[in-house]
Amino acid sequence: MQLPQKHSATGTTIFTVMSALAQQHNAINLSQGFPDFAIDAKLGQLLEEAAQGGWNQYSPMPGLPMLRQAIAKDFERRYGVSIDADKEVTITPGATYAIYTAFTSILEPGDEVIVLEPAYDSYIPNIETNGARAIIVPLSSPGFSVDWNLVKDAISDKTKAIIINTPHNPTGAVWAKEDWDQLADLVRGTDIFILSDEVYEQLIFDGMPHYTVLQHEELRQRSFALYSFGKVFNNTGWKIGYCIAPPAFTDAFRRIHQFLCFSVNTPAQYAIGTYLSQPVLPDVGALMQQKRNYFLDLLKDTAFTIHQPAAGSYFQIAGYEQISDLPDTDFAKWLTQEYGVATIPVSAFYSNKKDDKLIRFCFAKKEETLKAAVDKLKALKPATVL
Ligand code: PMP
Ligand code: GLN
């Protein structure tokens, strides 16, 4: 039987491929973005408490009210924005799902969506599955900043949405307030939606603030803001995320959500909601900054080149031009097999597989893991495999 091809991506996602290769070769896995250290013990206890305490049945379709209220309070406290927990917050099984659901709420066949590349690899398949087309705008080097003239040129009368991501995967770049103002200038007077992927919002370094789309009064009116607890509480396997959007957008989002998964894991929602309601929470950004600094220090003793330290996220991009002229995917596989360290080739984040000879390291790891990985990488001298 013939099965329809719903999107243009082929094969298995690079995250699965590289994590599997790491396992197969017993390599240190700095590829897929997940921490290898324990979650806060308190959060684990709360999950146990939830299961023992009877929080084991369906929660309401939009999510546990207690969790939605805790999110609204948290945003009020950290960003000074007021959010209606009932009408604007929906709990989802992770941010990947939230992004898909937001797209499905608004896209119709023939629509265009502007995607800035490199980009998280689910965006384009999500757009295409909905019968729409991705219009690619490359980020500029050096620094992976947005060239707003290119975005302007990409807008047409078919543009339904623009998806943006800050702090950025895979580059670690962070938007300044001016970027938001440029975006607002471009979409003013249009019906263009914004999907703002802010899953790394708290993982931002060197005192730089995260500016959320929710703080931009004008843009907020046209935006779905998407988040993941997995990233900020280091429990990516719990797959709990959320969408914050104006009431009418949230209605549309829930119309899809209620027939896609209906409601989300109740004990995990209880645990996160209770955890988030504590008066003081650990500074997850400071912890991740420490890891970035530690990793960058270690890398100085290797032949990898750092063009720009990550300003946020879990990830550091590095060049290997002194070591090899292999294409990046071959290099990443070779590095896993021969040197026992798995990374992600950055070409995987481009729909045309653009190869700038860069790889992405995930530094959300224990110091001993980072040290053990770099000890292996030190063996790679300039021009080892030219
Ligand atoms: N957006 C970006 C930019 C990501 O890196 C990820 C990966 N975690 C997600 C969304 C998805 O998050 P989740 O694991 O909650 O689905
Ligand atoms: N966001 C994670 C990363 O970039 C992976 C998520 C996934 O495996 N789909 O590594």
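For clarity, every value in this text was computed on a predicted model and none was experimentally measured.

(A) Main features of the packing of helix α1 (residues 14-24) against helix α14 (residues 328-339). Running from N to C, α1 and α14 cross one another at 20 degrees; their axes reach a closest spacing of 9 Å. The pairing of α1 with α14 is recorded here as roughly parallel in orientation. α14 is crossed by α1, and the crossing has right-handed handedness. Between α1, through Val-17, Met-18, Leu-21 and Ala-22, and α14, the contact on the second element is made entirely by Ala-332, Lys-333, Thr-336 and Gln-337. Counted by class, the contact of α1 with α14 contains 5 nonpolar, 2 polar and 1 charged residues.

(B) Fine view of the site of ligand 1. Around ligand 1 lies a shell of 13 residues, among which Thr-96, Asn-169, Asp-197, Tyr-200 and Lys-231 are the nearest. Within the side chain of Thr-96, a nitrogen or oxygen atom sits 2.6 Å from an oxygen atom of ligand 1. At a separation of 2.7 Å, a nitrogen atom of ligand 1 approaches a polar side-chain atom of Lys-231. Under a 2 Å grid-point criterion requiring more than half of the atoms, the pocket assigned to ligand 1 is the largest pocket.

(C) Broad picture of the nonpolar core. Ile-71, Phe-75, Phe-229, Ile-244 and Phe-304 are the most contacted members of the largest nonpolar core, which has 104 residues in total. Once residues within four sequence positions are removed from consideration, Phe-229 is found in contact with Leu-67, Ile-71, Asn-234, Asn-235, Ile-240, Gly-241, Tyr-242, Ile-272 and Leu-276. Among the nonpolar cores identified, the runner-up in size contains 24 residues, and Ile-106, Ile-127, Ala-134 and Leu-226 belong to it.

The rules behind these values
Residues numbered from 1 in each chain as written. Chains lettered and ligands numbered in written order. Predicted model: local features only at pLDDT ≥ 70, side-chain atom pairs only at ≥ 80, totals over all residues. Heavy atoms only, no water. Axes fitted to C-alpha atoms, helices over the stretch in contact; angles between N-to-C directions. Helix = DSSP H or I, 4+ residues; strand = E, 2+ residues; numbered from the N terminus. Parallel < 35°, antiparallel > 145°, perpendicular 65-115°, else oblique. Left-handed = near helix turned anticlockwise from the far one by under 90°. Contact = heavy atoms within 4.5 Å. Nonpolar A, V, L, I, M, F, W, Y, C, P; charged D, E, K, R; others polar. Near = heavy atom within 4 Å. Polar contact = N/O pair within 3.5 Å; in protein donor to acceptor, adjacent residues only side chain to side chain. 1 Å grid on protein atoms, 1.4 Å probe; cavity = no way out; pocket = protein on both sides within 12 Å on 5 of 7 lines; lining within 4 Å. Sits in = over half its atoms within 2 Å of the grid points. Core = buried A, V, L, I, M, F, W, Y, C linked by side-chain atoms within 4.5 Å. Buried < 20%, exposed > 50% of the residue type's maximum accessible area, 1.4 Å probe, protein only.

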